[in-house]
Amino acid sequence: MAFVRINPLIRKDINILALMILIVPLAGELKFFPFDGTFRVSLGSPAFFFFLLLLRKLPAIAAGFLIGLSVEGFRFLVDLAFIGDANWSSFFQVHYPAFFYYLAFGALFDLFKVNRFHNRPFLLGLLGIMMEITANVIELAAQMITLNTFIPLSDMNKITIIAIFRSFFVIGFLNLMKLYEARVSEMKIRKQNERMLMLISNLYEESILLKKTLVNAENITKKTYDLYKGLNQVPSVQEVTHLRQQALTIAGEVHDIKKDNQRIFAGLSKLITEENYTPYMNVDELVSIIIRSNKKYALLLKKDVQFTYKINGNHPDYHVYTILSIINNIVANAVEALEDEGMIEIRMAQELDFIEFRIEDNGPGIPPKHRELIFKPGFTSKYDRYGNPSTGIGLFYVKEMIEQLGGDVTFENRKEGSGTIFIIRLPILPLIEKG
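A brief structural summary. (Residues numbered from 1 in each chain as written. Predicted model: local features only at pLDDT ≥ 70, side-chain atom pairs only at ≥ 80, totals over all residues. Heavy atoms only, no water.)

**A short note on the nonpolar core**
- Tyr-318, Ile-327, Ile-344, Phe-357, Phe-422 and Ile-424 are the most contacted members of the largest nonpolar core, which totals 45 residues.
- Of the residues forming this core, the biggest block, 10 residues, is contributed by helix α9 (residues 320-337).
- In terms of nonpolar packing, the next biggest core, distinct from the first, is built from 32 residues, Phe-50, Phe-51, Ala-60 and Met-131 among them. (Core = buried A, V, L, I, M, F, W, Y, C linked by side-chain atoms within 4.5 Å. Buried < 20%, exposed > 50% of the residue type's maximum accessible area, 1.4 Å probe, protein only. Helix = DSSP H or I, 4+ residues; strand = E, 2+ residues; numbered from the N terminus.)

Structural data, given as structure tokens:
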């Protein structure tokens, strides 16, 4: 059996039309009679105009025809419910002119191609006024024919004023809805950008480690090859020949590793320096990203952590991935160190040509026996629920990176109770955009 695929825009318009059929007749019952009791002013017209502005594919005249019928049907049911014996003739005379109002409004909406002017609200409002006045005149003409009523020309002023208020009320409401959608979209984009920044900062961290691995691989290759050449000076006994071959094999394998790492490093570097991403950012935004990401991390660990921050001095824009890679590591460690709840404070100040970060927590602190070990590669005091240790390279990486930049990192106990303060000093010059 073949299924017909409906255009998503048409499907959306059908849903909007269904809402119109339900809401416009109800809104039409919120009414008053400004003239002689025959011409009603209701919320049905602005509701109809608002829904037409949301349509994209369906013709407005078709919507006007269907809404006109639904309004007539609803009013007949209301008369039947409250009067008990609705007279078809009197009902037709009183209510049928409204059908022509919605039909005319929809036809004029299509004629003026109103949906082209969404970005010109003032013109949209003027068109709404013109359409409503014209549709009202057509409705009044239909009433004059059936009820022999007459609306003085002076009452056209009232119709115009009502049209102005209703039209710009709809435009105002539409713009408020667009503003809300824009804010939601902006928040969504900001979250996506934050995730991308964190991803790239993590890649940046890995690229630093990879770069260090490249240096180590180069050194090992050289030393192994030197060993191979040194073994060549020894008399060629069978065991020495075997050792020479092993040394040459190791040198070749390490060289292959280095080449593979170079290709990976080149790819990471290209991604990190992609022109679509801003590599420098205001410190308030940077710290906000660090706090937001670690709030999520704390929630993941089911911990109640209160974050605060304070920034002193005027700061230039700093390199995003360098700051995120270093500070995020320290803050994440602080989150892990806390038990079920606690506080973390980030303070930032500028001292001459240096920037200083102080990350303070009120966790259990660092035991004296671990103070000389925490920056050593492979050292860890963190284990998962299965007893497996973490890699123990986080703080080692932080220290290595800080020292490469010409800075230093230290820690001390909090003066108020338990907890630790990490102090990071970095030279500003490597962190700012070169002029």
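Anyway, onward from the coordinates.
**Structural notes on a nonpolar patch on the surface**
- A surface patch of nonpolar side chains, about 320 Å² in accessible area, is lined by Ile-21, Phe-65, Leu-66 and Leu-69.
- By relative accessible area, which is 39% here, Phe-65 ends up partly exposed. (Patch = residues over 30% accessible without salt bridge, like charges linked within 9 Å, V, L, I, M, F, W, Y side chains within 5 Å. Areas by Shrake-Rupley, 256 points an atom, 1.4 Å probe, with all protein chains shown as cover. Salt bridge = Lys/Arg side-chain N within 4 Å of Asp/Glu carboxyl O.)

**Considering the sheet that holds strand β4 (residues 304-311)**
- Taken in spatial order, the 5 strands make up an open sheet running β4-β6-β7-β9-β8, and their pairing is mixed. Both edges of this open sheet fall to β4 and β8 (408-413), since each of them pairs with a single strand only. Adjacent strand axes in the sheet meet at a mean angle of 15 degrees, parallel and antiparallel pairs treated alike.
- For β4 and strand β6 (residues 341-351), the ladder comprises 8 bridges, and the chain directions are parallel. Its bridge partner being in β6, Thr-308 is matched across the sheet by Glu-345.
- In this fold helix α8 (residues 283-300) packs onto β4 and β6, with an angle of close to 170 degrees to the strand it touches most, β4. (Pairing = 2+ DSSP bridges. Axes fitted to C-alpha atoms, helices over the stretch in contact; angles between N-to-C directions. Contact = heavy atoms within 4.5 Å.)

Read these as layout, nothing more, since geometry by itself doesn't imply function.
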